[in-house]
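Understanding the architecture of this molecule
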Amino acid sequence: MLFRSGGTGGPNYYSFNGSGGNGGSGFGGGVFVEGGELTLMNCTLTANSTSGGLGGGPGNASGGGGSAGQNGQGVGSGIYNYSGAVHILNVVDAGNTAPTRSPDLSGAFASTGFNLIGSSQGATGLSINDFQDVPANLGPLQDNGGSTLTCEPLQGSLAIGYGTSAGRSEEHTSELQ
């Protein structure tokens, strides 16, 4: 890299043999939390992805040499909690992809249980009442009835018949009966 601000330059012959810059990181393909408080109840986070930026190529103005920069990391494609308070209840967070680590959750969480987490790698604060490191076995995003497209749990999914009605509104609780 050459930077000159004012003044007098020397000869106009330069050799750059430096390395390329590193790529930026990608965090939280579904949800990214930086500060504050977030409560997620009765949510499904699936098929989200993160990827880091590509590293720059090797410097090579003249004379060759240098090395390529590193690619950025992709982390926490379902939920990435950088610095907030995140409460989860009845959440399915599975089937997300991150090329580096922690595809589903990354950061500190306050779980009140009844969550299904595909990969708990990189997450803290999960409950012993959570299913951890198991596949969700969800169908594709489609119209399964209701006002919103959903990913219906397939036969054999641990999400079927699991969960709690605690925290649900009266309107939704009556639908379950």
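Let me begin by describing the structure that accompanies this report. (Residues numbered from 1 in each chain as written. Predicted model: local features only at pLDDT ≥ 70, side-chain atom pairs only at ≥ 80, totals over all residues. Heavy atoms only, no water.)

Attention shifts here to the packing of aromatic side chains. Within this structure, the stated rule accounts for three aromatic pairs. Between phenylalanine 114 and tyrosine 162, the aromatic rings sit 5.6 Å apart at their centres with planes inclined by 50 degrees, giving tilted as the arrangement. Residue phenylalanine 114 is found in the loop between strand S10 (110–111) and strand S11 (116–117), and its partner tyrosine 162 is found in the loop between strand S15 (150–153) and helix H1 (170–176); the two are separated by 48 residues along the sequence. For phenylalanine 114, a relative accessible area of 29% gives the class partly exposed. Between the aromatic rings of phenylalanine 131 and tyrosine 162, the centroid separation amounts to 4.4 Å while the plane-to-plane angle is 45 degrees, which identifies the pairing as tilted. (Phe/Tyr/Trp six-rings, centres within 6.5 Å; stacked < 30°, edge-to-face > 60°. Helix = DSSP H or I, 4+ residues; strand = E, 2+ residues; numbered from the N terminus. Buried < 20%, exposed > 50% of the residue type's maximum accessible area, 1.4 Å probe, protein only.)

In this section: the nonpolar core. The nonpolar side chains of a soluble globular protein tend to be buried, and buried together. Ile79, Ile88, Leu105, Phe109 and Leu126 are the most contacted members of the largest nonpolar core, which totals 13 residues. Isoleucine 79 has contacts with Val31, Leu40, Leu45, Asp93, Asp104, Leu105, Ser106 and Phe109, leaving out every residue within four places of it along the chain. The next biggest cluster of nonpolar side chains, apart from the first, holds eight residues, and it includes Val92, Ala94, Leu116 and Leu138. (Core = buried A, V, L, I, M, F, W, Y, C linked by side-chain atoms within 4.5 Å. Contact = heavy atoms within 4.5 Å.)

Before going further, it helps to examine the sheet that holds S11. Spatially, S4-S8-S11-S13 is the arrangement adopted by the four strands of the open sheet, whose pairing is parallel. The two strands at the open ends of the sheet, each matched to only one other strand, are strand S4 (44–45) and strand S13 (131–132). Of the pairings in the sheet, the one linking S11 to S13 comprises two bridges and is parallel in character. Residue pairing across strands places isoleucine 117 opposite glutamine 132, the latter belonging to S13. (Pairing = 2+ DSSP bridges.)

Ordered in space as S2-S6-S9-S12, the four strands form an open sheet in which the pairing is parallel. Looking at the sheet topology across the chains shown, the edges are occupied by strand S2 (31–33) and strand S12 (123–124). Of the pairings in the sheet, the one linking strand S6 (residues 79–81) to strand S9 (residues 105–108) comprises two bridges and is parallel in character. Within the sheet, the bridge partner assigned to isoleucine 79 lies in S9 and is leucine 105.

What follows deals with the pairing of S9. Alignment of S9 against S12, held across two bridges, turns out to be parallel. Each bridged residue has a counterpart across the sheet, and for glycine 107 the counterpart in S12 is alanine 123.

Turning our attention to unusual backbone geometry. A positive phi angle is found at alanine 47, which is not glycine, with a value near 65 degrees. Its place among the elements puts alanine 47 in the loop between S4 and strand S5 (74–75). Exposure remark for alanine 47: the relative accessible area of 66% places this residue in the exposed category. Here asparagine 90, not a glycine, exhibits a phi torsion of approximately 55 degrees, which is positive. What makes asparagine 90 buried here is its relative accessible area of 12%.

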